[in-house]
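Survey of secondary and tertiary structure
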Amino acid sequence: MKILINIVLLAAGCSAAIAADSGKQAAGPLASLASLSAPAAALTAVPAPEAVKAPAQNWAEAAKAAFERELDAGGLTTYADLLELPPGARSRLEKELQTLPQGPGNSSEAFKMLVNGRTAFVVQSYIYSDSMRVYLFNAAGVAVAYGEGSVDKDFAWLPLP
């Protein structure tokens, strides 16, 4: 829709230039159109969809890498308070706490970390102390990654459930 509007405004700008040239020769309907058209400076460039998607995708990859570095260094240490969790992350934490089996070695915790100047939230669950699942969220609470692993299977990033 924005592209169509830009085309119409661009055409109106071209019409205005033609009207200005022909207005010197004969004033007519094009001259009145020229006075109604928007200036060409009002046009804005519409970014390509790839340009809009790429930064978010790159940030998600950076968040995954940051999580893996923290995991290799011994695990996350900056806990996230329930009140600071965005709605999506809070909902996932609550769901994890409800669905985890009761017993020792089962826990779910929320963490936060800084990735490229932006906050990432992590909901990490341990099941029977030998397997783990992780959800990464951006600051708005949108899930950007999911991973799991166990003592039998290396940790891996999987498609979002």
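Residues numbered from 1 in each chain as written. Predicted model: local features only at pLDDT ≥ 70, side-chain atom pairs only at ≥ 80, totals over all residues. Heavy atoms only, no water.

**Focus on the side chain of N106**
Along the chain, N106 falls in the loop between α4 (87-99) and β1 (107-115). The residues contacting N106, other than those within four sequence positions of it, are L100, P101, Y126, I127 and Y128. (Helix = DSSP H or I, 4+ residues; strand = E, 2+ residues; numbered from the N terminus. Contact = heavy atoms within 4.5 Å.)

**Re the confidence of the model for the protein**
Per-residue confidence for the protein gives a mean pLDDT of 77, with 66% of residues at or over 70. Taken as a whole, residues 1-52 scores under 50 in pLDDT and shows 17 contacts with residues more than four places along the chain or in a different chain. (pLDDT = per-residue confidence, 0-100.)

**What to know about the nonpolar core**
Of all hydrophobic cores here, the largest spans 15 residues; its most connected members are F67, L76, M113, V115, V122, V134 and L136. At the level of elements, α3 (49-72), β1, β2 (118-127) and β3 (131-137) are the ones that each hand at least two residues to this core. Tallying contributions element by element places α3 first for this core, with 5 residues. Excluding its chain neighbours within four sequence positions, the residues that come into contact with V134 are F67, V122, V123, Q124, A145, Y146, G147, F155 and W157. Counting 10 residues, the second largest nonpolar core, distinct from the first, contains V123, Y135, F137 and Y146. (Core = buried A, V, L, I, M, F, W, Y, C linked by side-chain atoms within 4.5 Å. Buried < 20%, exposed > 50% of the residue type's maximum accessible area, 1.4 Å probe, protein only.)

**Some words on the packing of aromatic side chains**
Here the structure, examined in full by the defined rule, presents 5 aromatic pairs. Here F67 and F155 contribute two aromatic rings whose centre-to-centre distance is 5.8 Å and whose plane-to-plane angle is 45 degrees, an arrangement assigned as tilted. Taken together, the positions of F67 in helix α3 and F155 in the loop between β4 (143-150) and β5 (156-158) put the pair 88 residues apart, joining distant regions of the chain. Put simply, the rings of F67, F155 and W157 pair up and form one aromatic cluster. Directly above the ring of Y135 sits R92, whose terminal nitrogen or CZ lies 4.3 Å from the centroid. Above the plane of the ring of W59 lies R118, whose end atom (NZ or CZ) is 4.4 Å from the centre. (Phe/Tyr/Trp six-rings, centres within 6.5 Å; stacked < 30°, edge-to-face > 60°. Lys NZ or Arg CZ within 6 Å of the ring centre and 35° of its normal.)

**Quick notes on α4**
Counted at 1.5 Å a residue, the expected span for α4 with its 13 residues is 18 Å, and the 18 Å between its end C-alpha atoms agrees. Taken together, the buried positions of α4 are occupied by A89, R92, L93 and E96. Viewed along the axis of α4, the buried residues span an arc of 100 degrees, placing them on a single side of the element. Projecting away from the buried face of α4 at angles above 90 degrees are the exposed residues P87 and Q98. Residues of α4 that are buried make contact with β1, β2 and β3. (Expected span 1.5 Å × (residues − 1). Arc of directions from axis to C-beta.)

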